[in-house]
Amino acid sequence: MITLENLKSYIEYINLIENTYLKKFFDIQKPYIHCKEGCAGCCQVGEYPVSELELMYMIAGFKTLPAEVQTKIIEKTDKIKAERNPENKEKYLYECPFLINNRCSIYNNRAIICRTHGLLFYITDKDGKTHNKMPACVNDGLNYSEVYDPVSNTISPEMWAASKIPVEPKAYNISREVIMSNAKNAGFDIDFGDSKALIDWL
């Protein structure tokens, strides 16, 4: 069971990483980051995996919203669930229920995947090989598009050289799984609970 103490530890941990190394990474990669207020492509089509603990924090943010905004989110959630085809076994992609008027209504309480989105990151497969994961908005001419080769689906050294951007486009080890597992290493005893798609929690 997720306790209030657990939630407090999570808030402390998430604020720590956001204000230290995530901020540092975003600052370093700033020439490639084109995120701005009102740019919500990453919130319009996704699965949004979140843990039970993250959901608890998101709901805490939801409860602070004006009643009319809460109603919009509930109605949007009901519509997303009603449109889901239970026979379709593929990932169900949808617009985040918390996206209202092209803005995150619970921005300060958003999930880990939302806090890291926009950066180039890497994952390590079961064979120990690393694979870069591009932010989806690269296909919209946004983050890292100056150095992205769609044919190879990776960063092109030639395009980086041609871009004249002095900062190397770099992938970081910041998958949500890594951030959650690193909590213990940072001195936080946090139980994130189960993880599943956001719409499956609501």
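As a reminder, the structure under discussion sits directly above these lines.
Nothing here was measured: the structure is a model prediction, and the numbers come from that model.

### A few points about the overall build of the protein chain
No. 1: A count of helices and strands for the protein chain gives eight helices and eight strands.
No. 2: By the compact-globule yardstick of 17 Å for 202 residues, the protein chain fits well, its C-alpha radius of gyration being 18 Å.
No. 3: With respect to the principal axes defined by its C-alpha atoms, the protein chain has extents near 50 × 40 × 35 Å.
No. 4: Counting all 202 residues of the protein chain, 38% fall into the buried class.
No. 5: For the protein chain, the proportion of contacts with a sequence separation of at least 24, taken over those separated by at least 6, is 70%.
No. 6: When the accessible surface of the protein chain is split by element, carbon and sulfur atoms take 53% of a total near 11900 Å².
No. 7: In the protein chain, 24 side chains carry a positive charge and 27 a negative one; their mean positions are 2 Å apart.

### Structural notes on the environment of Lys 133
No. 1: Within the element layout of this structure, Lys 133 appears in strand β5 (residues 130-133).
No. 2: Along the chain, Lys 133 and Asn 153 lie 20 residues apart, while their C-alpha atoms are 9.0 Å from each other.
No. 3: Apart from the residues within four sequence positions on either side, Lys 133 is in contact with Leu 119, Leu 120, Phe 121, Tyr 122 and Ile 123.

### Examining the pairing of β5
The side chains of a regular strand alternate between the sheet's two faces.
No. 1: Relative to β5, strand β4 (residues 121-124) is paired through four bridges, and the arrangement is antiparallel. Residue pairing in the sheet places Thr 124 in a bridge with Thr 130 of β5.
No. 2: The turn joining β4 and β5, which pair antiparallel and follow one another in sequence, is formed by five residues; a positive phi near 85° is taken by Gly 128.

### Re the packing of helix α1 (residues 4-28) against helix α3 (residues 52-62)
No. 1: Contact pair α1 / α3: the axes reach a minimum separation of 10 Å and the direction vectors enclose 85°. Our classification of the angle between α1 and α3 gives roughly perpendicular. Listed contacts from α3 to Asn 6, Leu 7, Tyr 10 and Ile 11 of α1 are Leu 53, Glu 54, Met 56 and Tyr 57.
No. 2: Grouping the amino acids of the contact of α1 with α3 by side-chain chemistry returns six nonpolar, one polar and one charged.

### Section: α1
No. 1: Along its 25 residues, α1 runs 35 Å from first to last C-alpha, staying within 8% of the 36 Å computed at 1.5 Å per residue.
No. 2: If you look at α1, its biggest bend is around 40°, right at Glu 18.
No. 3: Turning to α1, its buried residues are Asn 6, Leu 7, Tyr 10, Tyr 13, Ile 14, Ile 17, Glu 18, Leu 22 and Phe 25.
No. 4: Residues of α1 that are buried sit in contact with α3, α5 (112-116) and α7 (176-181).

### A few points about the environment of Asn 143
No. 1: For Asn 143, the location among the structural elements is in the loop between β5 and β6 (148-149).
No. 2: Assessed through its relative accessible area of 0%, Asn 143 is described here as buried.
No. 3: In sequence terms Asn 143 and Thr 77 are 66 residues apart; their C-alpha atoms lie 29 Å from each other.
No. 4: Of the polar contacts made by the side chain of Asn 143, one reaches the backbone nitrogen of His 34; its length is 2.7 Å.
No. 5: Here the side chain of Asn 143 touches Gly 118 through a polar contact of 3.1 Å, landing on its backbone oxygen.

What counts, and at which threshold
Residues numbered from 1 in each chain as written. Predicted model: local features only at pLDDT ≥ 70, side-chain atom pairs only at ≥ 80, totals over all residues. Heavy atoms only, no water. Helix = DSSP H or I, 4+ residues; strand = E, 2+ residues; numbered from the N terminus. Rg over C-alpha atoms; globule rule 2.2 N^0.38 Å. Buried < 20%, exposed > 50% of the residue type's maximum accessible area, 1.4 Å probe, protein only. Contact = heavy atoms within 4.5 Å. Areas by Shrake-Rupley, 256 points an atom, 1.4 Å probe, with all protein chains shown as cover. Lys, Arg positive; Asp, Glu negative; His and termini not counted. Charge placed at Lys NZ, Arg CZ, Asp CG, Glu CD. Pairing = 2+ DSSP bridges. Axes fitted to C-alpha atoms, helices over the stretch in contact; angles between N-to-C directions. Parallel < 35°, antiparallel > 145°, perpendicular 65-115°, else oblique. Nonpolar A, V, L, I, M, F, W, Y, C, P; charged D, E, K, R; others polar. Expected span 1.5 Å × (residues − 1). Bend = angle between axes of the 7 residues up to and from the residue. Polar contact = N/O pair within 3.5 Å; in protein donor to acceptor, adjacent residues only side chain to side chain.

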